[in-house]
Amino acid sequence: MPAGAPTSYKPEYCQALIEHMRQGGSFEAFAAIPEVSISTVHEWAAVHPEFADAKQKGISLALKFWEDAARMGVLGQMRRLTRERPMLDANGKPVYDAN
């Protein structure tokens, strides 16, 4: 980004990143939410300390998500899928079933 160019970063992305990663998403995949490049989210983490902190929190949360999923799988506690095709909301985003 050229010096002095406006940034698309918003402080609310910190909480959005944490929630994304709490559900097992990666830091890089978060770039799809604000529709920016992966290099942009890496730049945000380098420039905005609060976003870098959210990234670190998110890494722990994503790790916990996948460790819990693996543990449940090994113990035979995974739920079966109830639908063959994902349900989509009006914007075409997946809707997750709580059952």
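Up top is the structure.
Computed from a predicted structure; not experimentally measured.

S.K.: Got a sec to walk through the overall build of the protein? Specific residues and values, please.
M.R.: Scanning the protein for helices and strands turns up three helices and two strands. N-terminal to C-terminal, the α/β element order of the protein is α-α-α-β-β. Counting only residues that meet the buried cut, the protein has 25% of its 99 residues in that class. Put simply, of all contacts in the protein between residues at least 6 apart along the chain, 45% involve residues at least 24 apart. On the protein, roughly 7,500 Å² of surface is accessible, and the fraction owed to carbon and sulfur atoms is 58%.

S.K.: For the side chain of Lys 55, give the residues involved together with the corresponding values.
M.R.: Residue position: Lys 55 is located in helix 3 (residues 49–74). Residues within four places of Lys 55 in sequence aside, it is in contact with Leu 17, Met 21, Phe 27, His 42 and Ala 45.

S.K.: Please give an account of the nonpolar core that cites residues and values.
M.R.: Counting residues in each nonpolar core, the largest one holds 16 residues, and the members touching the most others are Leu 17, Phe 27, Val 41, Trp 44 and Phe 51. Of all elements in the fold, only helix 1 (13–22), helix 2 (38–47) and helix 3 reach the threshold of two or more residues within this core. Ranked by residue count, the leading element in this core is helix 1, at five residues. The contacts of Leu 17, once residues within four sequence positions are left out, are Phe 27, Phe 30, Phe 51, Ala 54 and Lys 55.

S.K.: Account for the environment of Lys 57, with residues named and values stated.
M.R.: Relative to the assigned elements, Lys 57 resides in helix 3. Given a relative accessible area of 44%, Lys 57 falls into the partly exposed group. Sequence spacing of Lys 57 and Met 21 is 36 residues, and the spatial spacing of their C-alpha atoms is 8.7 Å.

Reading the values: the criteria
Residues numbered from 1 in each chain as written. Predicted model: local features only at pLDDT ≥ 70, side-chain atom pairs only at ≥ 80, totals over all residues. Heavy atoms only, no water. Helix = DSSP H or I, 4+ residues; strand = E, 2+ residues; numbered from the N terminus. Buried < 20%, exposed > 50% of the residue type's maximum accessible area, 1.4 Å probe, protein only. Contact = heavy atoms within 4.5 Å. Areas by Shrake-Rupley, 256 points an atom, 1.4 Å probe, with all protein chains shown as cover. Core = buried A, V, L, I, M, F, W, Y, C linked by side-chain atoms within 4.5 Å.

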